[in-house]
Amino acid sequence: MNNNIVIKVDQLHKVYGSTVAVDAVSFEVRAGEIFGMVGPNGAGKTTTAECLEGLRDPDGGAIQVFGMSPQKDGHALRERIGVQLQTSALQERLKVWEALDLFGSFYPRPVEREQLLEQMGLTEKRDAKFGKLSGGQKQRLFIALALINDPDLVFLDELTTGLDPQARHAMWDMVRGIRDKGKTVFLTTHFMEEAERLCDRVAIIDRGKIVALDSPESLIRRLSADNRVVFTVEGKFDPQPFLQLPNVTRVEPNGEKVVVHGKTNQVVVDVVTMLVSNGYRFRDLRTEQPNLEDVFMALTGHEMMD
C-alpha cells in the first residue's frame, strides 16, 4: 500500500434487508488531509465510516486502513485510529478527568491527560460531571477521548450536529488543529458549509453512491454555477428590466425578497445600477457565490435534506 494512502476502499457494498445503504463505493484517503464524506442523512456516510472502523462487516468490496483489514486486524488497527461516534454517551456522574483516565487505561501509551484537557479547552471542567456539560463541552470531551491513544487517523462522525454556531466554529478550529499536528481526519457531515470550510477533499454521497470526489474548490469551479445578488425591495417589483441585462440568467421574486442570478461578477454592478435608475428602495443587498450545496443540487437534482 502506498505510504501516502491511509484508506483505500474498492467497491464497498452494504445492505440492510432490502435497503442498499452503500452501493459500490470506491475512494482513497491521503495521509495528512481532512477528507470529508458529505451528503444528506441516510446517504450511507455513517455506514461507510463504521465499516472502515471495523464496527460493521461489509457485504462486498475491499477495505484497507494502513494496509490492514478493519475486520481481520481490528486489534492492531485500533492502536492507530481514534473514533468519535455520531451518538455517544457516558455515565452522567463520571467526571471529565475520570473519563480520560478510564479510556487511557485501554492503551499502552496514552496521551498525558492534562495535555488533552488543555488542548480541548476543558481544563476548567476537569472535575465537572459529564451530565453537567454543555453540548459543545461534551463533543470536546468525545474528541479528547478519540485522541487519547495519539492516533494517526481520527474519525469524526456528524461532529457538530445540534451545536450552536459559536460552538460549531470552535469545533472547526479544533479539527484543523488535529490536522495541523500531522494526523489524518475522516469527517462525515450533512452540513455542506462545514465540508466546504474544513475539507481538503470531499466525497459527495447520495443514496449510497458517490456522485463526486474532489476538492471543494474544484467541484464548485467545475460547476460553473451562477453568482447570486440577493436583496429586499419595497413596493411592487418588475423583473422584466432585470431579465434584459446581458449578464442576468434568472430573476426570482419571492415577496419582498429578490434573487437575481448572473454569470459574472459584473451582474452586481448591473443590478445595483438598474435598481437605482428605476427608483427602487432596496436594502440588505448581498452577493452569494456558488457553493457545495449548488454542486449537490446540480449532481443529484434535489436539495439537501437535514
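Scroll up for the structure.
Residue indices follow the written sequence of each chain, beginning from 1 at its first position. It should be noted that, the model being predicted, local features are given only for residues of pLDDT at least 70 and side-chain atom pairs only at 80 or more, the latter also being counted only at that level, while totals for whole chains, interfaces and linings use all residues. Side-chain measures were taken over the full set of non-hydrogen atoms in the model, leaving aside hydrogen atoms and water.

(A) A look at the overall build of the protein chain. When helices and strands are tallied, the protein chain shows 11 helices and 13 strands. Across its three principal axes, the protein chain shows a C-alpha extent of roughly 75 × 45 × 35 Å. Relative to its 306 residues, the protein chain shows a buried fraction of 47%. Taking the contacts inside the protein chain whose residues are at least 6 apart along the sequence as the reference set, 67% of them involve residues at least 24 apart. Carbon together with sulfur atoms contributes 47% to the accessible area of the protein chain, which is approximately 15100 Å² in total. In this count, Lys and Arg are taken as positive residues and Asp and Glu as negative ones, while His and the chain termini are left out. Note that the charge is assigned to NZ on lysines, CZ on arginines, CG on aspartates and CD on glutamates. Placing the 37 positive and 44 negative side-chain charges of the protein chain at their respective mean positions leaves the two points 2 Å apart. Secondary structure counts use DSSP, requiring at least four H or I residues in a row for a helix and at least two E residues in a row for a strand, with both numbered from the N terminus. Relative accessibility decides the category of a residue: with a 1.4 Å probe and only protein chains considered, values under 20% of the type maximum give buried, values over 50% give exposed, and everything between is partly exposed. Contact definition: two residues touch when any of their heavy atoms are within 4.5 Å. Here the Shrake-Rupley method, with its probe set to 1.4 Å, supplies the accessible areas, and only the displayed protein chains count as covering residues.

(B) Main features of the layout of surface pockets. Counted as a void, the largest pocket has a volume near 420 Å³. Elements supplying a minimum of two residues to the lining of the largest pocket: β5 (81-84) and α5 (135-147). Examining the composition of the lining of the largest pocket, we find that four residues originate from one element, β5, more than from any other. Space inside the second largest pocket adds up to approximately 260 Å³. Using only the protein atoms, space was sampled on a 1 Å grid; points where a 1.4 Å probe fits but cannot get out form cavities, open sets with protein on both sides within 12 Å along at least five of seven lines form pockets, and lining residues are those with an atom within 4 Å of a point. Forming the walls of the second largest pocket are 14 residues, and the residues nearest its centre are Arg-228, Glu-252, Val-259, His-261 and Glu-288. If you list the elements that add at least two residues to the lining of the second largest pocket, you get β10 (227-233), β11 (248-254), β12 (257-262), β13 (282-288) and α11 (292-300). Its residues assigned to classes, the lining of the second largest pocket comprises three nonpolar, two polar and nine charged. Grid points are joined across faces, edges and corners, and a volume is the space filled by probe spheres set on the points. Note on residue classes: Ala, Val, Leu, Ile, Met, Phe, Trp, Tyr, Cys and Pro are nonpolar, Asp, Glu, Lys and Arg are charged, and everything else, Gly too, is polar.

(C) Representation of the sheet that holds β11 in the model. The strand order β11-β12-β10-β13 describes an open sheet built from four strands, whose pairing is antiparallel. Lying at the two open borders of the sheet, with one neighbouring strand each, are β11 and β13. Here the strands of the sheet are splayed against their neighbours by 15° on average, with no regard to which way each runs. We treat two strands as partners when DSSP finds at least two bridges between them. Two elements, β11 and β12, share six bridges in a ladder whose sense is antiparallel. By the bridge assignment, Arg-250 is partnered in β12 with His-261. The axes used here are C-alpha line fits, helices contributing only the stretch in contact, and every angle between their N-to-C directions lies in the interval 0 to 180 degrees.

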